[in-house]
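Structural overview
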Amino acid sequence: MNAILLTQYDGAILGPIAKVLGWIMNGIFWVLDQINIPNIGLAIILFTIVIYAILTPLTIKQQKFSKLSAKMNPELQAIQKRYQGKKDNDSMLAMNQETKAVYAKYGVSPTGSCVQLLIQMPILFALYRVIYNIPAYVPSVRVYFDNVVIPLMGQAGYAEKMQGITNIATAAAVKSIETFDFASADKMVDLLYKFTTAQWQELEGLFPAISSVIAENASVIERMNTFCGLNMAEAPGWVPSLAWSIPILAALTQWLSTKLMQGQQPKPDPDNPTAQSMQMMMVTMPLFSAFICITMPAGLGIYWIATSVVQIIQQLLVNSYMDKI
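Anyway, here's the lowdown on the structure attached to this text. (Residues numbered from 1 in each chain as written. Predicted model: local features only at pLDDT ≥ 70, side-chain atom pairs only at ≥ 80, totals over all residues. Heavy atoms only, no water.)

**A few points about the pattern of salt bridges**
This structure, assessed with the given rule, holds three salt bridges. With its nearest N and O atoms 2.4 Å apart, the salt bridge here joins E98 to R82. Of this pair, E98 sits in helix α4 (residues 89-106) while R82 is found in helix α3 (residues 56-82), placing the two residues 16 residues apart along the sequence. Taking relative accessible area as the criterion, R82 reaches 43% and is therefore assigned partly exposed. (Salt bridge = Lys/Arg side-chain N within 4 Å of Asp/Glu carboxyl O. Helix = DSSP H or I, 4+ residues; strand = E, 2+ residues; numbered from the N terminus. Buried < 20%, exposed > 50% of the residue type's maximum accessible area, 1.4 Å probe, protein only.)

**A word on the nonpolar core**
If you look at the biggest cluster of nonpolar residues, it comprises 69 residues, and the most contacted ones within it are M162, L191, F195, W200 and L203. Sequence-distant contacts of L203, defined by excluding residues within four places in its chain, comprise V148, L152, M162, I165, L192, F195 and I214. Membership of the second largest hydrophobic core comes to ten residues, among which are F65, L68, L76 and I79. (Core = buried A, V, L, I, M, F, W, Y, C linked by side-chain atoms within 4.5 Å. Contact = heavy atoms within 4.5 Å.)

**Concerning the layout of surface pockets**
In this approach a probe as big as a water molecule rolls over the atoms, and the regions it shows empty are the leftover space. Roughly 550 Å³ of volume is contained in the second largest pocket. In terms of lining residues, the second largest pocket is bounded by 25 residues, among which K194, T196, A233, E234 and A235 are the most central. Looking at which element gives the most residues to the lining of the second largest pocket, the answer is helix α11 (residues 197-206), with three residues. Residues of the lining of the second largest pocket, tallied by class, amount to 13 nonpolar, nine polar and three charged. (1 Å grid on protein atoms, 1.4 Å probe; cavity = no way out; pocket = protein on both sides within 12 Å on 5 of 7 lines; lining within 4 Å. Points joined across faces, edges and corners; volume = space filled by probe spheres on them. Nonpolar A, V, L, I, M, F, W, Y, C, P; charged D, E, K, R; others polar.)

**A word on empty space enclosed by the protein**
All chains considered together, the criterion is met by one cavity of 30 Å³ or more. A volume near 40 Å³ is recorded for the largest cavity. Along the walls of the largest cavity sit F145, L192, Y193, F195, T196, T197, W200, I221, E222, N225, N231 and A233, which together make up its complete lining. Elements with a minimum of two residues in the lining of the largest cavity: α10 (185-193), α11 and α12 (211-225). Take the lining of the largest cavity: its biggest share by element is three residues, from α12.

Structure representation (structure tokens):
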């Protein structure tokens, strides 16, 4: 899929889904605000629970397919061995017919699991998009950024002054800050969401005329972003600190979640070269999660941890349900 198709997919498919998820996230944050605990970290956890609860019917279908696959696998392997090395049309047709008969016997479709994944994947990608850039989708959070952006853009020469803020190119996710569109309020909100405490203080010093407005809203934003003593908008980074608990927990919880899921899959044929690859993925994917969580905003790491924990609980409950039926 080329870059143009990816962009079209992102806009046509993920965009509307992300908006709907943003409404849900906004509703959760609004409720937390009403009970005086407007916290982005807590909202992310509750948001993840709600979304995966909605996806539970699809999860049950996936697990049903996995359980039945475990039952069918010996029969399917027997068919494959019976026709091993036979490449003539009659043998291939006979093998396909016998394979279809096994699937029909257990009442499942060979593509059943794929269909569930195809439904879930756009939702999960859009979910990631919302978590990565909360102010863009959650009006209850964005209002505090707009309180700063609107007067800020009215300051004389503000774009030139902004370019002097330390590490601003990194926060703007651009190689050269000269290419950043300071005339876009949306871009400015995205930029400020990634500001560290030090960058907010620099911003106050650069614009003394509105420093009180900046300080007041920055204080609210930092309180919203602080969860368990960590700023959800800041990446843990490579310097060891308390923030490293996020990538460590992300790796551990994903490993456990993957292990539980693999336990419900049919046992791989030891002669199958993909079996070793699956075992390798069980180790590499948690390590990859840890790497991502070190380099990305902590809020994304909280989402990753919450996702794995919800999947573990969901897996245990679904397994228990499937064992009974």
